Amino acid sequence: MDSPYVKICGMRDPQLTKLAVQLGAQAIGVVMSPGTPRHATDAEARAVIAAVRQESPATGQPCAATPAVDTVLVVNKMAAEEAAQRAVALGFDVLQLHGKYTAADVAAAQAIIPRVWRAASLAHFPHIVPGELGEERLLLDGSAPGSGERWDFGDRAPQEFGDHWLLAGGLSPANVAAAIADLSPAGVDVSSGVEMAPGMKSAELIEQFIAQARSVPLA
Ligand SMILES: O=C(O)c1ccccc1N[C@@H]1O[C@H](COP(=O)(O)O)[C@@H](O)[C@H]1O
């Protein structure tokens, strides 16, 4: 039985990162956006990536039982090329762009790091189409990333977005299973919903979130 792809975002602690990977997270996000309570330093970002590689080597000989886990640099309103250069310098697999970008911005970033995701809110981009800027994946998010604010689909039907989009914004252990059952995203992304206080991740909430998300079979 396939279950949704789960990304845990805003990680800074290597031990919690290892736990999330052991529990089945398929992506770990590090936020580098000054002003958010999850902003990571370069050293923290490198330590999180090292922890992921240790639990699930991304190159060479991946553990038989554990698929490789994506490490994702998350930025908000940062110039795409600058963000891509930072992602490569630190060793991330994926760059996740929040903000207003063009197809040329995405192409410029992809020339530096091939895997680029775009996160956007339907409140700001009501006519958005997955892949229209050339991004690998689209995340449909709340209107304020990292705030715990819920998504709003307005008059769009989730089926319009195809099979590869991820749901983000306001998810938590309490609502993730119902959200997956209702909207059938390919995966889910959570940041503040697995924290005991802004920027402070909770091992218990991460465990509950992953268990709840994985309890729902993909449609
Ligand atoms: O998590 C953050 O602080 C953050 C800051 C700036 C840009 C993106 C951020 N995280 C992304 O926000 C959503 C989920 O937020 P939440 O679960 O509602 O807190 C997701 O796309 C994260 O990757």
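Residues numbered from 1 in each chain as written. Predicted model: local features only at pLDDT ≥ 70, side-chain atom pairs only at ≥ 80, totals over all residues. Heavy atoms only, no water.

Comments concerning the sheet that holds strand β7 (residues 166-168)
Overall, parallel pairing links the eight strands, which are arranged β1-β2-β3-β4-β5-β6-β7-β8 in a closed barrel. On average, each strand axis in the sheet is tilted by 25 degrees relative to the strand beside it, whichever way the strands run. As paired strands, β7 and strand β8 (residues 187-190) are joined by three bridges and run parallel to one another. Note on β8: the bridge partner recorded for leucine 166 is glycine 187. Seen against the sheet, helix α2 (residues 42-55) touches β2 (27-31) and β3 (70-76) and runs at an angle of roughly 175 degrees to β2. (Pairing = 2+ DSSP bridges. Helix = DSSP H or I, 4+ residues; strand = E, 2+ residues; numbered from the N terminus. Axes fitted to C-alpha atoms, helices over the stretch in contact; angles between N-to-C directions. Contact = heavy atoms within 4.5 Å.)

Some remarks on the environment of aspartate 2
Along the polypeptide, aspartate 2 turns up in the segment before β1 (5-8). Distance in space between the C-alpha atoms of aspartate 2 and leucine 19 is 21 Å, their sequence separation being 17 residues. In contact with aspartate 2, other than residues within four places in its own chain, are Val216, Pro217 and Leu218.

Digging into the pattern of salt bridges
If charged atoms from side chains of opposite charge come close, those side chains can pair. Counted under the stated rule, the structure contains nine salt bridges. The partner of arginine 118 in a salt bridge is glutamate 132, with the nearest N and O atoms 3.3 Å apart. Here arginine 118 is found in strand β5 (residues 116-121), whereas its partner glutamate 132 is found in the loop between β5 and β6 (137-141), with 14 residues between them in sequence. When the shortest N-O distance is used, the salt bridge between glutamate 195 and lysine 201 registers 2.5 Å. Overall, the relative accessible area of 10% leaves glutamate 195 in the buried class. Exposure remark for lysine 201: the relative accessible area of 8% places this residue in the buried category. Three or more residues joined by partner-sharing salt bridges are found here, namely Arg38, Glu195 and Lys201. (Salt bridge = Lys/Arg side-chain N within 4 Å of Asp/Glu carboxyl O. Buried < 20%, exposed > 50% of the residue type's maximum accessible area, 1.4 Å probe, protein only.)

Quick notes on the nonpolar core
Core analysis: the biggest nonpolar cluster contains 57 residues, and Ile8 and Ile28 have the highest contact counts within it. Apart from the residues within four sequence positions on either side, isoleucine 8 is in contact with Ala20, Ala25, Ala27, Ile28, Gly29, Val190, Val194, Ile206, Phe209 and Ile210. Counting twelve residues, the second-largest nonpolar core is a separate cluster that includes Tyr5, Cys9, Val72 and Ala168. (Core = buried A, V, L, I, M, F, W, Y, C linked by side-chain atoms within 4.5 Å.)

Quick look at the site of the ligand
Close to the ligand lie 22 residues, the nearest being Arg38, Gly170, Asp189, Ser191 and Ser192. At 3.0 Å, a side-chain N or O of glutamine 96 approaches an oxygen atom of the ligand. With respect to the ligand, the side chain of serine 191 contributes an N or O atom lying 2.8 Å from an oxygen atom. Taken by itself the ligand offers 500 Å² of open surface, and the protein chains cover 99% of this. At the level of secondary structure, the elements contributing two or more residues to the shell around the ligand comprise β3, β4 (94-98), β6 and β8. In terms of residue class, the shell around the ligand is built from seven nonpolar, eleven polar and four charged. (Near = heavy atom within 4 Å. Polar contact = N/O pair within 3.5 Å; in protein donor to acceptor, adjacent residues only side chain to side chain. Areas by Shrake-Rupley, 256 points an atom, 1.4 Å probe, with all protein chains shown as cover. Nonpolar A, V, L, I, M, F, W, Y, C, P; charged D, E, K, R; others polar.)

Note that every value here comes from positions in space, so none of it alone points to a role or purpose.
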